[in-house]
Amino acid sequence: MKVAIYTLGCKVNQYETQAMEQELRARGHEIVPFSQEADAYVVNTCSVTAASDQKSRQAVHRVRRERPGAVVAVCGCYSQTHAAEARKLGADVLGGAGDRMGFLSLLERAVWERAASGGRSAPLEAVDPPFKRRHFEWLPAGGLEGRTRALLKVEDGCSNFCSYCIIPYARGPVRSLPMGEAAVQALELKNQGYQEIVLTGIEISSWGRDLCQGTALIDLLEAVSAAVPGVRLRLGSLEPRTVTEEFCERAAALPDLCPQFHLSLQSGCDATLKRMRRKYGTARFLQSVELLNRHFRRPAVTTDLITGFPGETEAEFAETLAFIRRCGFARMHVFPYSERPGTPAADMEQVPKSLRADRARRAAEAAADMRRAYLEGCVGETYDVLFEQPNREAGFFLGHAPNYAEVLVKGEDLHNRVRPVHVTRTDGEALFGELEE
């Protein structure tokens, strides 16, 4: 059968879509773009914000309207945490955020039953209780066709229960991919031709906790690095507690680790962090930033920020603005707070949405200034750039430096090649340079 998959949300969702595509191909099926005719359409949903919920519903409504004869299947965090709402969308198959292989079997069954009966049959459903998940679900390794960078999911679940977040209720407790299996999957990706692997998960800082073997994320990183020499490695989002003196010393010794570190901040005010139930304060976060800058040469430290969290005063927001400038982030993702029903923060005193948006705008302006300053500091440097695709601007090819800065050069036929580039200028968003021999 022909299957099309539409993915919303984080890198974990992207990885799981890649894995489902690999499995469907192994079962003899064909993957086609979501815009094309298919026997089945899968929407892999996200529920991190209310806007994500809405986008998930819209995607299902659209495909149901435009492809009335096809099987429509829904999986992911939205259908896991809002199963009752998801059932009302009229999907033929409803799955959650677990057992992706079982979900694909139901998808096959639904298509076969549709073909046999000539019409729609009763919906098929497999949404498991997330807090009963105890084992990491094995999924086949593999990236999206035509890509140069592959995702390797090494962890699932989260036990932090931040007051604003619904994801632990979708993903369940922490489960880790064993170190040996991670190394094997990384080698498979190298053999498929990928030049860079991103280690990702819901909360990778907790990797190894459930294995009870005394191992931590840095041990996993060293094992994967040894398994795939010459392949660039990049880490997903980290909690500040991960970044210690020992972590930095060992990480800096790895020859292929990309010096880009995404540290989850959310607020630069201690009072707000306490209401968020984050497990660090600004002093510990700043220590992590300083450690990274001490052990790596001009690392790109990036972060996320939530503005207008319940109870946030103008004075608290001013603290956040001052703190992010002190950290000097290379890039920031800024979001106005979004209520998630069922979380403690949804019952707190809310900041008006207009004020949340205004603070997001002001924080984004500060982030743009820091982004520009970081990129200006890259001018004159030479980076090994992994090239990915021609840019929309004629004659330019786009790639990423190890610090994940976008780099544009004049050139052709550079896809999936790593070439040294001398950076000559920046426009505040990307770097421009010249290829070196």
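Going by the structure above, here's the rest.
Basis of the calculations
- Residues numbered from 1 in each chain as written.
- Predicted model: local features only at pLDDT ≥ 70, side-chain atom pairs only at ≥ 80, totals over all residues.
- Heavy atoms only, no water.
- Pairing = 2+ DSSP bridges.
- Helix = DSSP H or I, 4+ residues; strand = E, 2+ residues; numbered from the N terminus.
- Contact = heavy atoms within 4.5 Å.
- Axes fitted to C-alpha atoms, helices over the stretch in contact; angles between N-to-C directions.
- Salt bridge = Lys/Arg side-chain N within 4 Å of Asp/Glu carboxyl O.
- Buried < 20%, exposed > 50% of the residue type's maximum accessible area, 1.4 Å probe, protein only.
- Parallel < 35°, antiparallel > 145°, perpendicular 65-115°, else oblique.
- Nonpolar A, V, L, I, M, F, W, Y, C, P; charged D, E, K, R; others polar.
- Core = buried A, V, L, I, M, F, W, Y, C linked by side-chain atoms within 4.5 Å.
- Phe/Tyr/Trp six-rings, centres within 6.5 Å; stacked < 30°, edge-to-face > 60°.
- Lys NZ or Arg CZ within 6 Å of the ring centre and 35° of its normal.
- Polar contact = N/O pair within 3.5 Å; in protein donor to acceptor, adjacent residues only side chain to side chain.

1. Describing the sheet that holds strand S5 (residues 93-95)
Right, so step 1: With parallel pairing, the six strands of this open sheet are ordered in space as S2-S1-S3-S4-S5-S6. Every other strand in the sheet has two partners, leaving strand S2 (30-31) and strand S6 (124-126) as the edge strands with one partner each.
Right, so step 2: Sheet topology places strand S1 (residues 2-7) next to S2; two bridges connect them, and they run parallel. Bridge pairing links Val 3 to Ile 31 in S2.
Right, so step 3: Relative to S1, helix H1 (residues 11-26) is tilted by about 175°, and along the sheet it contacts S1, S2, strand S3 (40-45) and strand S4 (71-76).
Right, so step 4: Its contacts with the sheet place helix H5 (residues 100-117) against S1, S3, S4, S5 and S6, and it is angled at close to 170° to S4.

2. Topic: the sheet that holds strand S12 (residues 300-307)
Right, so step 1: Taken in spatial order, the three strands make up an open sheet running S11-S12-S13, and their pairing is parallel. Bordering the open sheet on either side are strand S11 (260-266) and strand S13 (331-336), each of which pairs with just one other strand. Ignoring which end each strand starts from, the neighbouring axes of this sheet average 15° apart.
Right, so step 2: Pairing of S11 with S12 involves six bridges; the strand directions are parallel. Bridging from a neighbouring strand, Gln 260 pairs with Ala 300 of S12.
Right, so step 3: Sheet contacts for helix H11 (residues 282-295): S11 and S12; angle to S11, the most-contacted strand, approximately 170°.

3. Points about the pattern of salt bridges
Right, so step 1: Going through the model one piece at a time under the given rule, you end up with 36 salt bridges.
Right, so step 2: A salt bridge links Glu 113 to Arg 109, with the nearest nitrogen and oxygen atoms 3.0 Å apart. Of this pair, Glu 113 and Arg 109 both sit in helix H5, four residues apart, which is roughly one turn of that helix.
Right, so step 3: On the basis of relative accessible area, Arg 109 is assigned to the partly exposed category, the value being 41%.
Right, so step 4: Across the salt bridge formed by Arg 149 and Glu 196, the nearest N and O atoms sit 2.6 Å from each other.

4. Quick word on the packing of helix H8 (residues 217-227) against helix H9 (residues 245-252)
Right, so step 1: Interaxial distance between H8 and H9 falls to 10 Å at its minimum, and their mutual angle equals 5°. On the basis of the axis angle, H8 is roughly parallel to H9. On the side of H8, the interface is formed by Ile 218, Asp 219 and Glu 222, while H9 contributes Phe 247, Arg 250 and Ala 251.
Right, so step 2: For the contact of H8 with H9, the per-class residue count stands at three nonpolar, no polar and three charged.

5. Focus on the nonpolar core
Side chains of nonpolar character tend, in soluble globular proteins, to be buried together.
Right, so step 1: Of all hydrophobic cores here, the largest spans 67 residues; its most connected members are Val 154, Tyr 164, Leu 235, Leu 257, Phe 285 and Phe 329.
Right, so step 2: Aside from chain neighbours lying at most four places away, what touches Phe 285 is Pro 240, Leu 263, Ser 264, Leu 265, Tyr 280, Thr 303, Phe 323, Cys 327 and Phe 329.
Right, so step 3: Counting residues in each nonpolar core, the second largest holds 25 residues, with Val 71, Cys 75, Val 93 and Leu 107 among its members.

6. Some words on the pairing of S13
Right, so step 1: Bridge count between S12 and S13: six bridges; the pairing is parallel. Counted as the bridge partner of Ile 306 is Phe 335 from S13.

7. Points about the packing of aromatic side chains
Right, so step 1: If you walk through the whole model with that rule in mind, you get 13 aromatic pairs.
Right, so step 2: Taking 6.0 Å as the distance between ring centres and 65° as the angle between the ring planes, the aromatic pair formed by Phe 285 and Phe 323 counts as edge-to-face. Taken as a pair, Phe 285 in helix H11 and Phe 323 in helix H12 (residues 314-327) lie far apart in primary sequence, 38 residues in all.
Right, so step 3: A network of ring pairs unites the aromatic residues Tyr 280, Phe 285, Phe 323 and Phe 329 as a single cluster.
Right, so step 4: In this arrangement the basic side chain of Arg 62 is found over the ring face of Tyr 6, its NZ or CZ atom lying 5.6 Å from the centre.
Right, so step 5: Geometry around Tyr 374 places Arg 298 over its ring, the cationic atom sitting 4.6 Å from the centre.

8. Observations regarding the environment of Phe 335
Right, so step 1: Note on placement: Phe 335 falls in strand S13.
Right, so step 2: You can call Phe 335 partly exposed: its relative accessible area is 40%.
Right, so step 3: When the C-alpha atoms of Phe 335 and Trp 112 are compared, they prove to be 43 Å apart, with 223 residues separating the residues in sequence.
Right, so step 4: Those residues within four positions of Phe 335 in sequence are excluded, and the remaining contacts are Asp 304, Leu 305, Ile 306 and Thr 307.

9. Digging into the side chain of Gln 266
Right, so step 1: Of note, Gln 266 is situated in strand S11.
Right, so step 2: At 2.9 Å, the side chain of Gln 266 and the side chain of Ser 264 are in polar contact.
Right, so step 3: Ignoring sequence-local partners within four residues, the contact set of Gln 266 consists of Tyr 164, Met 276, Arg 278, Tyr 280, Asp 304, Leu 305 and Ile 306.

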